[in-house]
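Structural characterization, general
Each chain is listed here by its residues.
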Amino acid sequence: MDDKKNFRIGQNVIIRQNPKGANPLWIDFDTVSVQLTLGGVFSNSMPLAAETQSTARTGTHDYYHQKTLMIEILLGLAAGAGISALAAYTLFLRRAKANAESRDRELAALRDADERRYQERKNELEDRLRTERAKLDEDRSDIVAKRRETENLERKLVEKDERIEKKIGDLDKKLEDLYRKEQAVADERKLLDEKKAELEGKLAEVARLSQEEARNELFRQAETRYERDFSGLLEKKRIEYKTKQKEIAREILIGAIQQYSSEVTGEMTQTMITLESDDLKGKLIGKEGRNITAFERSTGVSLIIDDTPDTVFLSSFDLFRRYIAKKTLEDLIADKRIQPARIEEIAEKNQREAEKLIAELGEKTLTEMGITGIPVEIVPLIGKFRFRTSYGQNILTHSKEVAYIAEAIAKLIGADPALALKGGLLHDLGKAMDHDIEGTHPEIGGRIARKYGLDEKLVNIIEGHHDDVPQICIETKIVQIADAISAIRPGARRINADQYVKRIQEMENLVASFSGVNKAYALSAGREVRIFVDAETISDREAEKMAQDIAESIESNLSYPGEIKVNLIRERRIVEYAR
C-alpha cells in the first residue's frame, strides 16, 4: 500500500481507501468496478451504514475488520476469477461455435462445389452419351441406306446381266440368220453369174461379137439414136445456168454480207473535250499563250478555245496525233499543273504509251479474229490501222469487215476461208506506212510481206487486190470483191475527207523536206503550218529567209483555197543540272 493507502492485487485489481479518509475501500477491476465495505456488501458508490461506521472507528475491532476485509477481498477475487473464467469460457464457446459454424459453411460450400462439379460432369457425360447415341443412330441409318442402295445396285446388276445375256442370245440368233442369208445370197449370186455367163455366151454366138464389141455397139446405137436429144438437153442446161449465173453470184455476195454486220462510222477531224469550268481555258492558254503553244508544238494538234462553254476542241487530220493530244490534255486537266515543261513531259509519256497501245491493238485484233502465224513485226502495223483512214473510213474497221466478208465468200464457193480471212485483214498493210515510204499501198504492203516471209498467195492478195499485179489464186479475187463491197456500202466513205487529208499530208511533207526543220504540223484545217527549226543550225536571219522560202514553195507546189499562214518558231533552250 502506497502513501495514498492504495493496494494493488494482481494486474486487474486495485484496493484504494475512500478518498475522504473513511474506512470504505475501493476495488477497481479493468472490466468490473465495485466497492467493498466493511460490512461485505457490493454497491454502486453507496456509503456504509451509520451504525457500522461508528464501530469501525474503534481500535478494538481493527483486527477483526482487517480480517473481514481480506476475506471479502478474497471472495471478490474469487468472484472476479469465476466471472473472468466464465467470460473466458463463454468467449471460448462462442469462438468454438463460430469456428464450427465456419467449418460447417466451408464443408457446405465444398459439398455444393462437389455437387456442382458432379452435376456438370454428369451433364457433360449425358450430352456426350446423347451425341454418341445420335451419331450411332446416324451411322446406323447410313449403313441401312447404303445396304439398301447396295441391294438395289446388286438387283440392277443382276437384271442388267440378264438383259445382256438375253441380247447376246438374240445377237447370236441374228448372226446365225445373217450367216444363212449370206450363204443364200452367195448361192444366188453364183447362180446369176452362171446364168449371165451362159447368156453372154449365147449372145456372142448369136451376134458373133465379143462382150466388149457388143458393149461398144450398144453405145454407138444409143448415141446415134439420142444424139439430138442429148445436144438439146445440154444447150438447154447451158442457157439455164447462164441465166442463173448472175442470180447465183448475187446470192453468194448477199449471203456473205449478211454474215457480217458492223456499224458504219466516219472518222472526224475534231475531238471535243469537256472542261470542269471555263476557268481552265485561261490556264490552258497560259501567259502570253505559252501553254497553248507548247501543247501544239509537243503534239502537232491544234487546240481550239472559243466561246463554247466548258468545251475545247482538238483538231487534226491524224488520228494518232489526236489520240495522244486528247490523253495529254486529259492528264493535264487532272494534274492541274499546266505549264510548258509539264506539257512536254506528259506528251512524251503518252507518246510512249500510245506506241505500246498499237502493239496491244494488233494482238487483240488477231486474237479476236482467230488468226495465227503472223510475224511479230507485222502485229504493230495491224494496230496502226486503228489510227489510219481511207476516205474517212477507219482502216482497222474496214480491214476486219473485208476479212469477214472474204471468209464467208470463200466458204460458199469452196475456196480457202483461212487464207481469205488473213488476206482480207492484211490487204491494206501498206497504208500503215504509206505516210513514211514512197509508193502505192499495194507495193509497200507487198514489200513488207515479203520481208517478213509471208506466204506467196498472201503476198499476191496484198499486191493484187487492185489489179496492180496478175492474180495467181482465187482468194485474191475474193478479197478484191470484199474490198469493193466494204468501200461502196452507203456512208462508209467520204471522198472529200480523204482529199483533205491528202492535201494536209502533202503540205507537211513539203515543209519537212527543208533542211533544219525538226517538226512541221498543219493546223487550223490547213490554213496554218507551224514549223519548229533547230536553233543550233538556223540563225534568226536564216529563219526569216526559210519562212519566205517555205511560203513560196507552198504557193508553187500546192493547190489550196484562201491563204496559208507559215508560222516558223526558233527556240533555244539551255538546260543545266545542279548536283
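Structure: see above.
These notes cover the structure that comes with them. (Residues numbered from 1 in each chain as written. Predicted model: local features only at pLDDT ≥ 70, side-chain atom pairs only at ≥ 80, totals over all residues. Heavy atoms only, no water.)

1. Focus on the overall build of the protein
- The secondary structure content of the protein amounts to 15 helices and 13 strands.
- Here the protein holds 579 residues, and 32% of them are scored as buried.
- For the protein, restricting intrachain contacts to residue pairs at least 6 apart in sequence, the fraction spanning at least 24 positions comes to 56%. (Helix = DSSP H or I, 4+ residues; strand = E, 2+ residues; numbered from the N terminus. Buried < 20%, exposed > 50% of the residue type's maximum accessible area, 1.4 Å probe, protein only. Contact = heavy atoms within 4.5 Å.)

2. A closer look at the packing of aromatic side chains
- All chains considered together, the criterion is met by one aromatic pair.
- Between Tyr521 and Phe532 the ring centres are 6.5 Å apart and the planes differ by 65°, which places this aromatic pair in the edge-to-face class. With Tyr521 in strand β11 (residues 517-523) and Phe532 in strand β12 (residues 528-534), the pair connects residues that are eleven residues apart, well separated along the chain.
- The class for Phe532 is buried, based on a relative accessible area of 6%. (Phe/Tyr/Trp six-rings, centres within 6.5 Å; stacked < 30°, edge-to-face > 60°.)

3. Here we look at unusual backbone geometry
- If you check the backbone angles, Asp310 has positive phi at about 55° while not being a glycine.
- Position of Asp310 among the secondary structure elements: in the loop between β7 (302-304) and β8 (311-315).
- When its relative accessible area of 29% is taken as the criterion, Asp310 is described as partly exposed.
- In this model, Asp467 sits at a positive phi of 60°, which is unusual for a non-glycine residue.
- By the secondary structure assignment, Asp467 is in the loop between α12 (456-464) and α13 (474-488).

4. Quick notes on helix α11 (residues 441-451)
- Buried residues of α11: His441, Pro442, Ile444, Gly445, Gly446, Ile448 and Ala449, and no others.
- The inward-facing, buried residues of α11 contact α8 (379-384) and α12.
- Positioned one or two residues after α11, Gly453 has a phi angle of 75°, which is positive.

5. A closer look at the pattern of salt bridges
- Going through the model one piece at a time under the given rule, you end up with 25 salt bridges.
- Among the salt bridges present, the one from Lys545 reaches Asp549, with a minimum N-O distance of 2.9 Å. Of the two residues, Lys545 and Asp549 both sit in helix α15 (residues 540-557), four residues apart, roughly one turn of that helix.
- For Lys545, a relative accessible area of 46% gives the class partly exposed. (Salt bridge = Lys/Arg side-chain N within 4 Å of Asp/Glu carboxyl O.)

6. Details of the sheet that holds β12
- Pairing within the open sheet is mixed, and its three strands lie in the order β11-β12-β13. If you trace the sheet from one side to the other, it starts and ends with β11 and β13 (565-571), each paired once. Ignoring which end each strand starts from, the neighbouring axes of this sheet average 15° apart.
- Alignment of β12 against β13, held across seven bridges, turns out to be parallel. Bridge pairing links Glu528 to Lys565 in β13.
- Helix-sheet contacts for α15 involve β11, β12 and β13, and the interaxial angle to β13 is about 155°. (Pairing = 2+ DSSP bridges. Axes fitted to C-alpha atoms, helices over the stretch in contact; angles between N-to-C directions.)

7. Observations concerning helix α10 (residues 417-426)
- Most of α10 sits out of view: seven of its ten residues are buried.
- Considered for burial, the residues of α10 that qualify are Leu419, Ala420, Leu421, Gly423, Gly424, Leu425 and Leu426.
- For α10, the side-chain oxygen to backbone nitrogen distance between the N-cap and Ala418 is 3.2 Å, and the N-cap itself is Asp416. (Polar contact = N/O pair within 3.5 Å; in protein donor to acceptor, adjacent residues only side chain to side chain.)

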